[in-house]
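Observations on the model geometry
The lines below spell out each chain.
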Amino acid sequence: MYDHKEIEKKWQEKWEQEKIYKTPKNPDPAKKRYILDMFPYISGSGLHVGHPEGYTATDILSRMNRMRGYDVLHPLGWDAFGLPTENFAIKTGNPPWETTPKYIERFRNQIKSFGFSYDWEREVNTSSPDYYKWTQWLFLLLYKNGLAYKKEASVNWCPKDQTVLANEQVVNGACERCGTVVEQKLLSQWFFKITDFTEDLLTSLDTLDWPEPIKQMQRNWIGRSEGALIEFSLTDIPGQEDAKHFVEVFTTRPDTIFGATFLVISPELAQKWIDVGWRAPQEVVAYISQASKKTELVRIAETKDKTGVDTKIHAINPATKEKIAVWIADYVLGSYGTGAIMAVPAHDERDYVFAKKYDLGIVKVIKPDHEIDDCYEGEGMLINSGDFTGESSSTARSEMAERFGTEKIQYKLRDWLVSRQRYWGSPIPIIYCDKCGMQSVPEQDLPVKLPTDVDFLPTGESPLTRSKSFHDVKCPKCNEPARRDSDTMDTFVDSSWYFFRFTDPNNLEEFASKEQMQKWLPVDTYVGGAEHAVLHLLYARFFTKVLNKLEYISFNEPFKQLRNQGLILGPDGEKMSKSRGNVVNPDEIIEQYGADVFRMYEMFMGPLEDAKPWSTQGMVGLSRFLEKVIRFSEAGEFASSNKNIHKLIKRITSDIENFKFNTAVAAFMEFLNENKNLSQSDWESFLKLLAPFAPHLTEELWQKLGHKESIHLEKWPEFDESLARDDKVEIVISINGKKRGMIEADAGLSEKQTKNLIDSSELFAKLDLANKKIMKVVFVPDRLVNFVVKE
RNA sequence: GCCGCUGUGGUGGAACUGGCAGACACGCACGACUCAAAAUCGUGUGGCCUUACGGCCAUGUCGGUUCGAUUCCGACCAGCGGCACCA
């Protein structure tokens, strides 16, 4: 009787024509809502069933807020640069500048088929020059403010594909595309100085309404640890004068310094010593070169079996004044702390393994007033440090830190490596001139456009170096021949600022005007998958802090509220994958059941943030429910008003606000099951409540009831608190906590009234309460009375 | 190894702040309508015992706190996710 395809098409066209979801120009600051989805990464395989889950949630929220009179900004765009697209282009031979617009077209059509209320006039595309002009501008902003710098760094290198790989493309130490073991290669790279904001990135997490696990992951990623820097002076430095005469180590356990029986330095630090004149023994040189060639895979495999080499240099332990050996081992990382450690084998598992293997001394540290902690095997001698006055181990730590060094806070977070030797990304707007050095591309010359006269097949260099039109330029300062930076930016740079652009997407003068940013930002609600817990969400926070520091914006955090959507698994409960053959195609579902059923089913499946298996069988229930709604509306047999609608309004409103879409859908079903007689105005309220969930069907039924305006422009129903309450309640009677019966009562009775009611009920005699020894009575208003009796 | 999350009927899941465990839906069974089927509507549906009234058991396992625990605490088991030689 209802052709869902027909009505969905009809209304989608009409809504678009009449621009009913257009963003207001001048939002009321007190009534603005910026509701954002993580924009999709564009790939050739199109939309999967996971995408619409989060989009439906934000759509419902946006629609309800519009109906409540809020000014809503609800946009969508495309994350369109990046490696998967480029790899697909390499495989098929079709250039990405041709395929990407086609994929976007497909994504847009698929997304539109769900009837989401995006303002399509604000669509952005990170691979369009209008957009990446500002990505480049922001790069230069960071560069000019000392927040972008270039430095040699080792990168992942696939020897078979002859290309650099992003960290995300290295799976268990191998190239994700061809399975070849990845090597490390030293190249000159661009970095963003995210470490300038470390402490702020950590502490302001506490102010955010984000899922706790996501915040925890960010904290772990930032990796703050408190410890000390301690200097160990070196003795007998072989044959050189100017090299350092001490080693500085970082430790979180300065209280174990009495047990430090040797030092270990990283191969990188050893190389630095050689660079300043240390004539290292042959075996040391060999070890360093071997370590630098080691693949990620080998390093991972070696965590149990450590390797190292004796430098033959010695140091003095400042606590014991003993002469101790200095070793080189690659279990000490050059990139963390000072690249050197004091080894305390009795209290550190790694040092213990190393000491056992190379037969180095093991000395336990015993504090006079408390137990030995985390001690490995009773070798070596016991010493009484005798020096601790601290009551606890934490005071002992800072005491020793102060005595032998300085307290220091160390983080794991490193600067963000943003250059990629790849084609499909935003070019880095830097020019190298032999005479003038590194130069920014002048602002009026932006964007630096990606050339199309390139062979984008990877050869080991960025494909851009092989484009003459791109590569050979004049120096902006002296006008002599110069060359462009041939790297492109990591796609995460593009997605770190797109939410700013949405506030002012067509601005030709600025990345977004201060005025528009001030009006709409920060984002009130952000919804997306938990896989972006660290990278994207940390980078976006970093960009926000930079723009705040440079006074473009007045806020310090981009996303006030974050909610995650869970994975949608295959019907077999496993992750959907082509190889497993359990992928559900959203186009087919829409074709057969329609967008409204799809939307409602995804909301009904379970809590938004949980991983849930797909069940086409289960979707039938939603199909039946909407059929029921149609029959009810069409019957047109309305009765007198029913106060139950107030309860429903209250429940749906709060469920949407609290992201409990699954119970909201259940509430609709329950309501329809229980209320067979409704007034027309109650029924219309029902349709309005349902409109954010099933926008097409409710619009159709609304208009059939004789309305001319769209239901989506209606006012959200209000409820009367006093009518939203039950006036009859069932009170549980229990004895010693076990349920023994129930009585019906008016709501709001006092303890005494309730007791009187029980005394006069049949239950009183049945439970033989008169003859029981009642020790205590627990009364919970409108819910329960519990008699504690002595048996 | 470290950090985090999850565990409830045949299935997806519900349960406000510690107060009727299993809402809602799927599936299944029976019934109505039908020549029949589909669709629709109705009834039932955690397990065990009982003709029945009713009772006992039950939220991964074992313990604790409490008048009362799916909910709080402790230990363990299983699954998922993140990080991983970070001193």
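Residues numbered from 1 in each chain as written. Chains lettered and ligands numbered in written order. Predicted model: local features only at pLDDT ≥ 70, side-chain atom pairs only at ≥ 80, totals over all residues. Heavy atoms only, no water.

**Section: the overall build of chain A**
Stated formally: Secondary structure elements follow DSSP: runs of H or I no shorter than four residues count as helices, runs of E no shorter than two count as strands, and numbering proceeds from the N terminus. Residue exposure (1.4 Å probe, protein chains only): buried if accessible area is under 20% of the type maximum, exposed if over 50%, otherwise partly exposed. Should any heavy atoms of two residues lie within 4.5 Å, those residues are counted as being in contact. Every accessible area reported is derived by Shrake-Rupley at a probe size of 1.4 Å, with residue values counting cover from the shown protein chains alone. Positive charges come from Lys and Arg, negative ones from Asp and Glu, while His and the chain ends are left out of the count. Charged groups are reduced to one reference atom each: NZ for lysine, CZ for arginine, CG for aspartic acid, CD for glutamic acid.
Helices and strands together make up the secondary structure of chain A, namely 26 helices and 31 strands. Taking the principal axes of the C-alpha coordinates as reference, chain A spans close to 100 × 85 × 50 Å. The 791 residues of chain A split such that 53% are buried. For chain A, the share of sequence-separated contacts (at least 6 apart) that also reach a separation of at least 24 residues comes to 72%. Just so you have it, chain A exposes about 36100 Å², and 49% of that area is on carbon and sulfur atoms. Where the 101 positive side-chain charges of chain A centre and where its 118 negative ones centre are 1 Å apart.

**Focus: the sheet that holds strand β22 (residues 481-484)**
Formally: A strand pair is defined by DSSP finding two or more bridges across the two strands. The axes used here are C-alpha line fits, helices contributing only the stretch in contact, and every angle between their N-to-C directions lies in the interval 0 to 180 degrees.
Taken in spatial order, the four strands of this open sheet run β20-β19-β22-β21, and their pairing is antiparallel. With one partner strand each, in any of the chains shown, β20 (437-440) and β21 (472-474) form the two edges of the open sheet. Sheet twist, expressed as the mean angle between neighbouring strand axes with direction ignored, is 40°. Across four bridges, strand β19 (residues 430-433) lies against β20 in antiparallel orientation. What sits directly across from Ile430, in β20, is Ser440. Most of the contacts of helix α5 (residues 129-144) go to β20, to which it runs at about 130°, and overall it touches β19 and β20.

**What about the side chain of His471?**
As for its placement among the helices and strands, His471 is situated in helix α13 (residues 468-471). Residue class for His471 comes out buried when judged on its relative accessible area of 16%.

**Let's talk about the state of the cysteines**
The line we're drawing: To count as a disulfide, a pair of cysteine sulfur atoms needs to be within 2.5 Å.
Counted under the stated rule, the structure contains zero disulfides. As a non-bridged cysteine, Cys433 has Cys478 as the owner of its nearest cysteine sulfur, 3.6 Å distant. What makes Cys433 buried here is its relative accessible area of 6%. Between Cys436, a free cysteine, and Cys478, which holds the nearest cysteine sulfur, the sulfur-to-sulfur gap is 3.6 Å.

**Re the packing of aromatic side chains**
The line we're drawing: Centres within 6.5 Å make a pair out of two Phe, Tyr or Trp rings, where for Trp the six-membered ring is used; the pair is then stacked when the planes are under 30 degrees apart, edge-to-face when over 60, and tilted otherwise. Working rule: Lys NZ or Arg CZ, within 6 Å of ring centre, within 35 degrees of ring normal, means a charge sits over the ring.
A full pass over the atoms with the stated rule returns 56 aromatic pairs. Centre to centre, the rings of Phe197 and Phe542 are 5.7 Å apart; their planes meet at 70°, and the pair counts as edge-to-face. With Phe197 in the loop between β7 (183-192) and α6 (198-203) and Phe542 in helix α17 (residues 535-549), the pair connects residues that are 345 residues apart, well separated along the chain. Since its relative accessible area comes to 8%, Phe197 is described here as buried. The lysine or arginine in question, Lys31, covers the ring of Tyr70, its NZ or CZ lying 5.0 Å from the ring centre. Positioned above the aromatic ring of Tyr552, the side-chain terminus of Lys514 is 5.5 Å from the ring centre.

**A closer look at the nonpolar core**
Formally: To form a nonpolar core, buried Ala, Val, Leu, Ile, Met, Phe, Trp, Tyr and Cys residues must be joined to one another through side-chain atoms within 4.5 Å.
By size, the foremost hydrophobic cluster in this structure holds 81 residues, and its most contacted members are Phe192, Trp416, Phe499, Phe500 and Phe511. Tallying contributions element by element places α5 first for this core, with nine residues. If we skip the residues at most four places from it in the chain, Phe499 touches Tyr34, Leu36, Leu521, Val523, Ala540, Thr544, Pro558 and Phe559. Counting residues in hydrophobic clusters, the runner-up holds 79 residues, among them Tyr2, Met619, Ala664 and Ala667.

**Remarks on the pairing of β22**
Two elements, β19 and β22, share two bridges in a ladder whose sense is antiparallel. Counted as the bridge partner of Ile431 is Arg484 from β22. Hairpin connection, β21 to β22: the antiparallel pair is bridged by six residues, and Asn479 has positive phi, about 65°.

**Let's talk about the sheet that holds strand β25 (residues 559-565)**
Ordered in space as β2-β1-β24-β25, the four strands form an open sheet in which the pairing is parallel. The open sheet is flanked by β2 (71-73) and β25, the only strands paired with a single partner. With strand direction ignored, the average angle separating the axes of adjacent strands in the sheet is 20°. Of the pairings in the sheet, the one linking strand β24 (residues 523-529) to β25 comprises six bridges and is parallel in character. In the strand pairing of β25, Tyr526 is matched with Leu562. Where helix α2 (residues 51-67) meets the sheet, its contacts fall on β1 (32-37), β2, β24 and β25, and the angle it forms with β1 comes to roughly 170°.

**Description of the side chain of Thr256**
For clarity, the cut-off: Polar contact is the term for a pair of N or O atoms within 3.5 Å; when the atoms are in protein, one must be able to donate a hydrogen and the other to accept it, and sequence-neighboring residues count only if both atoms are side-chain atoms.
In this structure, Thr256 sits in the loop between β9 (246-251) and β10 (262-265). Within the local environment of Thr256, its side chain forms a polar contact with the backbone oxygen of Arg253, the two atoms lying 2.8 Å apart. Setting aside its immediate chain neighbours within four residues, Thr256 contacts Met342, Val344, His347 and Val365.

**Things to note about helix α9 (residues 282-293)**
In plain terms, the rule: To estimate the expected span of a helix, count its residues, drop one, and scale the result by 1.5 Å. Throughout, the arc means that of the directions going from the helix axis to the C-beta atoms.
In a regular helix each residue adds 1.5 Å, so 12 residues correspond to 16 Å; α9 covers 17 Å between its end C-alpha atoms and thus fits that length. Inspection of α9 places Val284, Tyr287, Ile288 and Ala291 among the buried residues, and these make up the whole buried set. Seen along its axis, α9 keeps its buried residues to an arc of 100°; they face one direction. Pointing more than 90 degrees away from the buried face of α9 are the exposed residues Gln282 and Lys293.

**A look at the packing of helix α20 (residues 616-635) against helix α23 (residues 680-690)**
Heads up, the condition is: Angles are sorted into four bins: roughly parallel if under 35 degrees, roughly antiparallel if over 145, roughly perpendicular if 65 to 115, and oblique for all others. Here is the rule for handedness: rotate from the far helix to the near one, and if that takes an anticlockwise turn smaller than a right angle the crossing is left-handed, while a clockwise turn gives right-handed. Note that Gly is not counted as nonpolar here; it falls among the polar residues with everything else outside the nonpolar set of Ala, Val, Leu, Ile, Met, Phe, Trp, Tyr, Cys and Pro and the charged set of Asp, Glu, Lys and Arg.
Two elements in contact, α20 and α23, have axes whose closest approach is 12 Å; the angle formed by their N-to-C orientations is 150°. Relative to α23, the element α20 lies roughly antiparallel. Two packed elements cross with a definite hand, and for α20 against α23 that hand is left-handed. Only Trp683, Phe686, Leu687 and Leu690 of α23 make contact with α20, whose side of the interface consists of Phe625, Leu626, Val629, Phe632 and Ser633. Residue composition of the contact of α20 with α23, by class: eight nonpolar, one polar and no charged.

**Quick look at the pattern of salt bridges**
Spelled out, the test is: For this document, the term salt bridge refers to a Lys or Arg side-chain nitrogen within 4 Å of an Asp or Glu carboxyl oxygen.
Tallied over the entire structure, the rule returns 43 salt bridges. Of the charged contacts in the structure, one is a salt bridge between Glu226 and Arg224, with a shortest N-O distance of 2.8 Å. Residues Glu700 and Lys704 are paired through a salt bridge, measuring 3.6 Å at the closest nitrogen-oxygen approach. In this pair, Glu700 and Lys704 both sit in helix α24 (residues 695-704), four residues apart, roughly one turn of the helix. Since its relative accessible area comes to 8%, Glu700 is described here as buried. Taken together, the salt bridges that share partners define one network made up of Asp200, Arg541, Lys545 and Glu557.

**Examining the protein's contact with RNA strand B**
The following threshold applies: One heavy atom within 4 Å of a molecule or strand is enough for the residue carrying it to be called near that molecule or strand.
Around RNA strand B, the surrounding shell holds 51 residues, and the nearest of these are Thr252, Lys306, Arg350, Lys412 and Asn786. Sugar and phosphate atoms represent 60% of those atoms of RNA strand B found within 4 Å of the protein. In the model, a sugar or linking oxygen of RNA strand B is placed 3.1 Å from a nitrogen or oxygen of the Thr251 side chain. In the environment of RNA strand B, a base oxygen lies 2.3 Å from a nitrogen or oxygen atom belonging to the side chain of Asn786. Secondary structure elements with two or more residues in the surface near RNA strand B: α7 (212-222), β9, α20, α22 (661-674), β29 (738-746), β30 (773-780) and β31 (784-790). Tallying contributions element by element places α22 first for the surface near RNA strand B, with six residues. Tallied by class, residues from the surface near RNA strand B come to 21 nonpolar, 14 polar and 16 charged.

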